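Notes for the structure review
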Amino acid sequence: MSPTATSVLVVVGVLFGLFTIASGLIWVERRLLALWQDRYGPNRVGPFGLLQVVADMIKILSKEDWIPPFADKPVFVIAPAILMVVTLLSFAVIPFTPLIQVVDLNIGLLFFLGMSSLSVYSVALAGWSSNNKYALLGSMRAVGQMLSYEVFMGLSLMGVVALAGSFGLREIVEAQKTLWFCVPQCLALVVFFIGGLAETRRIPFDLPEAENELVAGYHVEYSGMKFAMFFLSEYIGITLISALTVTLFFGGWLGPWLPPLVWFLLKTFILIGLFILIRAALPRPRYDQLMSFGWKLMLPLVLLNLLATGGWLLAMR
Amino acid sequence: MTDTPESKPAAPDGAGIIPDLQRRFGTDAIVPQPTRDRIPTIWTGADRVGAILRYLKQDVPQPYRMLYDLTAIDERDRAARQDQPPSDFTVVYHLLSFDRNEDLRVKVALRGESGSVPTVTGLWPAANWYERELWDMFGIAVDGHPRLTRILLPPWWEGHPLRKDHPARATEMGPFRMPPHEQAAMESDLTFRPEDYGMTRRGDDFDFMFLNVGPHHPGTHGLLRVMLQLDGQQIVDLACDIGYHHRGAEKMGERQSWHTFIPYTDRVDYLGGVMNNFPYVMAVEALAGIEPPARAKVIRIMLAELFRIISHLVFYGTFSQDLGQMSPVFYMFTDRERALDIVEAITGARMHPGWFRIGGVAQDLPDGWETLVRDFLAYLPPRLKEYDREVLHNRIFKARTQGIGQFTTDEAIEWGATGPMLRSTGLEWDYRKKRPYGGYDQFDFDIPTGRNGDSYDRAVVHIEEMRQSLRIIEQCLNHMPAGEYKSRNSLATPPRRDGALRDIETLIDHFIHTSWGPAVPPGEASVAVEATKGLNSYYLVSDGNVEAYRVRIRTPSFPHIQMLPMITRGLTLSDLIAILGSLDYVLADVDR
């Protein structure tokens, strides 16, 4: 096969896999939550309710494509697409196995951080263009929260970069052959995962949506396919953060006996399960509590981690 | 009628205050009236009532610090008034003294179609909404009121529904029409104009944001509209709009027989079930002089406490859900189902059994009820313990609720707060202990109190109350008396049928009391119970007919919602939702 055909195949394969996983996650999350909450969850459509997602998709696709008359139409349309595109683009740098990776950038980690910064635009523009006060409040919260937590998220990764000596994700995985980074970088792991929760706007960081307060926050005016894009992006985002955590801290595809892809997926799904478990367990803090938690606890922690890693590397030289 | 007529009831228990008032204000200004519920009741004129109420609240030793209720009676059609001073409309102030553990009813006689009374908002801030309701329902003007507008009915409503000349049924009114232009006008009436509520649109160098929360909003637990003046996320001021859930329960009470009104009471606090029947049937029994048998009393207490648990479980679950916690509400609704299963086995219905009867309860307990109750008593405590770990001890939960929506005991009393709201501030005030009604004096239980009066303490009080309710139910289970489940008094409804097939008088009696319902002797009685959300009382006026002349429902949620602006100013939108969750109100209970 020519290299072009291979890379096209990889791109299509990754895309297909991602959409399958993201829409499958909707079912997984609903069933898992139901399990933990002593109820059944969707179990009517198909075996174990597996076709629930298909039914939902048919419903969402056949819905009227409604744009509120008071909304800023072009921005309103483009906002969910931005989120979808940048979340998907981030996957380009993730090495699923030594062979499956869309593009091996030597600044892979920076590319991911850049893409995740861009996703703030989507939320901010969606809230702004909706011309709705709830949406505006939601997007204000989202911007503040995502910008702040990006700082700690980025800083927490510097320890990993220092240890691996590279921004390329493939090199980072290969540097974990002897020891996964979750051991020397356990502080960074905690901060990164919490930052990831904030980036995906999941409980306990779902303040931008906060259905009890802001109804649905920044996407309150969205419906049909455009809403589905926000909805699906959330699950792709969960997958992204889980996959990245695996790549950076849990040795990516590394593991004995099983093929690399299986290891990668296994580790990713365990982390996804953790995302869902956290959603089932925790309440939501207030906005100012969220901010002070970030700046007063996470930032010192991550700086300490950076200092310790740097000191360790200097001493070992 | 086997009962003593009202003209000769025993002297009121708290007669001490009346001579005191007569000495101070003159015997012609203070006219006492005997009532069936033995609450000291005096008549006075609109010109003196301000001074009398001020004296009662501020100067009298052991003052009457709470304005418990404020309502009116349209006296124009009343058949039996029994030597009461002449009056077309009577405004009734119901005061509560914590030091005396005593109530006092102050009645103001108004003559003519358009009377007015002076406002008492200066004395009690809680009077604000009650006086608006007075205007809304009776058209009685309140002089000096800061904002005398309709409260339960929409601004375009014509007439004042609790007047006797206002139609009570759709068949008495013309066909309802809402042409488009009127609909547009009605909708524009609902536009929020900050100036109406004394809010400014501009701050020093910025514009405020006005956010309309509700009437349809997941955080308001029903049809409540809160209008916020926001500076960023911070609430500068807010105003509430209620009435979206108004069904005219009090007016219905005037058109239903004494017996057939019972199911309507269920719907007032729709989470409280038979707890709503309780004060109503006890008030009718006070009027009719019926003493329910011991078994009926214990059955009533058992079911009422079961419904306290059912209601508190909803509170607990929805409160944690308001704070973003997703799972507890499912666990608690599952537990609630178990309690409702017991209710279903006993009464045949779930949320609205309507099962208490005048003189007892509808049926005896079914065979095997003990097993159901015993299972539940074993089931719930470990679950509650688990929820403590999951919700109450959760640090985010604490951070969101401690110090949020705080008020002191004094503020609670000023604003008419009762029940867990009052007890969370540290005042141990529970009618089940203070004025044991319906047989509560026979039970051993504690009254949990809080310390800080914040959202967290309100939750703690609710949860501890569930444990105490379980104790009471356990005692009911172990000591259920044998005997009849309904009184043999001829006014108990529906009457016992066993004698009806033997002699014609009993048959006639049975026929009349099941078809028309009982004719309750003339008089007035108000009975309060410690309902799930606070003090709930039914003030019944009978003029000897088969239906009530006036039914006044004093609900705890009404004053609690009125406190909202006071305890929320300066906090954030998220805190508003936390406070709303902790107030434990039911909109049907607010609007009736």
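Source: prediction; values computed, not measured. (Residues numbered from 1 in each chain as written. Chains lettered and ligands numbered in written order. Predicted model: local features only at pLDDT ≥ 70, side-chain atom pairs only at ≥ 80, totals over all residues. Heavy atoms only, no water.)

**Considerations on the overall build of chain A**
Per the secondary structure count, chain A includes eleven helices and zero strands. Taken from the N to the C terminus, the helices and strands of chain A come in the order α-α-α-α-α-α-α-α-α-α-α. Whereas a compact globule of 317 residues would reach a radius of gyration of roughly 20 Å, chain A reaches 20 Å, a difference of no more than 12%. Principal-axis analysis of the C-alpha atoms places the extent of chain A at approximately 65 × 50 × 45 Å. (Helix = DSSP H or I, 4+ residues; strand = E, 2+ residues; numbered from the N terminus. Rg over C-alpha atoms; globule rule 2.2 N^0.38 Å.)

**Regarding unusual backbone geometry**
Residues and elements named next belong to chain A. Of note, the phi angle at Phe 48 is positive, near 55°, even though the residue is not glycine. With respect to the helices and strands, Phe 48 occurs in the loop between α1 (3–36) and α2 (52–61). Within the chain, Arg 201 stands out as a residue other than glycine whose phi angle is a positive 55°. Tracing the chain through its elements places Arg 201 in the loop between α7 (186–199) and α8 (211–214). On the basis of relative accessible area, Arg 201 is assigned to the buried category, the value being 5%. (Buried < 20%, exposed > 50% of the residue type's maximum accessible area, 1.4 Å probe, protein only.)

**Regarding the domain arrangement of chain B**
Residues and elements named next belong to chain B. Assigned domains of chain B: these are domain 1 (12–143) and domain 2 (249–591). Inter-centroid distance (C-alpha atoms) of domain 1 to domain 2 is 27 Å. Contacts between domain 1 and domain 2 engage 42 residues on the former and 38 residues on the latter. Carbon and sulfur atoms supply 53% of the area that domain 1 and domain 2 bury against each other, a total of about 3,200 Å² over both sides. Interface area lost by domain 1 to domain 2 is led by Arg 36, Tyr 68 and Trp 129, which between them contribute 22%. Salt-bridge contacts for Arg 65 lead to Asp 410; the nearest nitrogen and oxygen are separated by 2.6 Å. (Domains from an automatic or database assignment. Contact = heavy atoms within 4.5 Å. Buried area = accessible area lost by both parts, 1.4 Å probe. Salt bridge = Lys/Arg side-chain N within 4 Å of Asp/Glu carboxyl O.)

**Digging into the pairing of strand β8 (residues 209–213) of chain B**
All names here are of chain B. In terms of burial, β8 is largely enclosed, as four of its five residues are buried. Pairing of β8 with strand β9 (residues 225–231), which is carried by five bridges, proceeds in the antiparallel orientation. Residue pairing for β9: Asn 212 is matched across the bridge by Met 227. (Pairing = 2+ DSSP bridges.)

**Some thoughts on the sheet that holds strand β10 (residues 234–241) of chain B**
The strand order across the open sheet built from three strands is β8-β9-β10 (chain B), with neighbouring strands paired in antiparallel fashion. Each of the sheet's edge strands pairs with one partner strand only, and the pair in question is β8 and β10 of chain B. Taken pair by pair, the neighbouring strands of this sheet meet at an average axis angle of 20°, ignoring direction. Docked against the sheet, helix α5 (residues 133–164) of chain A engages β8 and β9 of chain B, running at close to 110° with respect to β8 of chain B. (Axes fitted to C-alpha atoms, helices over the stretch in contact; angles between N-to-C directions.)

**Thoughts on the environment of Ile 463 of chain B**
Residue and element names in this part refer to chain B. Looking at the secondary structure, you find Ile 463 in helix α15 (residues 455–478). It is 15 Å that separates the C-alpha atoms of Ile 463 and Leu 422, two residues lying 41 residues apart in sequence. Setting aside its immediate chain neighbours within four residues, Ile 463 contacts Tyr 316, Asp 388 and Leu 392.

**A closer look at the sheet that holds strand β14 (residues 535–542) of chain B**
Residue and element names in this part refer to chain B. On the basis of which strands lie adjacent, the open sheet formed by three strands has the order β13-β14-β15 and antiparallel pairing. Sheet topology places β13 (523–530) and β15 (550–554) at the edges, where each strand pairs with a single neighbour. For this sheet the average axis-to-axis angle between neighbouring strands, irrespective of direction, equals 10°. Where β14 lies against β15, five bridges are found, and the strand directions are antiparallel. Each residue of the ladder has a partner; that of Ser 537, found in β15, is Arg 554.

**A short note on the environment of Lys 59 of chain A**
Residues and elements named next belong to chain A. With respect to the element layout, Lys 59 can be found in helix α2. Using a relative accessible area of 49% as the deciding quantity, one classes Lys 59 as partly exposed. C-alpha of Lys 59 to C-alpha of Met 225: the two residues are 166 residues apart in sequence and 9.6 Å apart in space.

**Description of the confidence of the model for chain B**
Residue and element names in this part refer to chain B. The predicted model of chain B has a mean per-residue pLDDT of 87, with 97% of residues at 70 or higher. Segment residues 1–13: pLDDT under 50, and 21 contacts once partners within four positions in sequence are set aside and those in other chains are kept. For this predicted complex, the interface confidence score (ipTM) comes to 0.85, while the overall pTM stands at 0.88. (pLDDT = per-residue confidence, 0-100.)

**Re the pairing of β13 of chain B**
Sheet faces and side chains relate simply in a regular strand, where the side chains alternate between the two faces. Residue and element names in this part refer to chain B. A large share of β13 lies buried, amounting to eight of its eight residues. Along β13, one buried face is formed by Gly 523, Ala 525, Val 527 and Val 529 and the opposite face, lined by Glu 524, Ser 526, Ala 528 and Glu 530, is buried too. The sheet contact formed by β13 and β14 spans eight bridges and is antiparallel. When the bridges of β14 are listed, Ala 528 appears paired with Ser 537.

**Describing the side chain of Thr 87 of chain A**
Tracing the backbone shows Thr 87 of chain A in helix α3 (residues 73–90). Other than its neighbours up to four places away in sequence, Thr 87 of chain A contacts Ser 233, Ile 236, Gly 237 and Leu 240 of chain A.

**Remarks on the interface of chain B and chain A**
Contacts between chain B and chain A engage 33 residues on the former and 26 residues on the latter. Surface buried jointly by chain B and chain A totals about 2,600 Å² across both partners, of which 55% is contributed by carbon and sulfur atoms. When the buried area of chain B at its contact with chain A is split by residue, Gln 233, Met 326 and Ile 396 of chain B rank highest and sum to 21% of it. Put simply, chain B and chain A have one salt bridge between them. The residue Asp 575 of chain B makes a salt bridge to Arg 286 of chain A at a minimum N-O spacing of 2.9 Å. The tally of links from chain B across to chain A stands at twelve residue pairs in polar contact (both at pLDDT 80 or more). Looking at the side of chain B that touches chain A, the elements that each hand over two or more residues are β8, α8 (294–322), α9 (328–347), α11 (395–401) and α19 (573–583) of chain B. For the side of chain B that touches chain A, the leading source of residues is β8 of chain B, giving five residues. Class assignment of the residues belonging to the side of chain B that touches chain A gives a composition of 16 nonpolar, 13 polar and four charged. (Polar contact = N/O pair within 3.5 Å; in protein donor to acceptor, adjacent residues only side chain to side chain. Nonpolar A, V, L, I, M, F, W, Y, C, P; charged D, E, K, R; others polar.)

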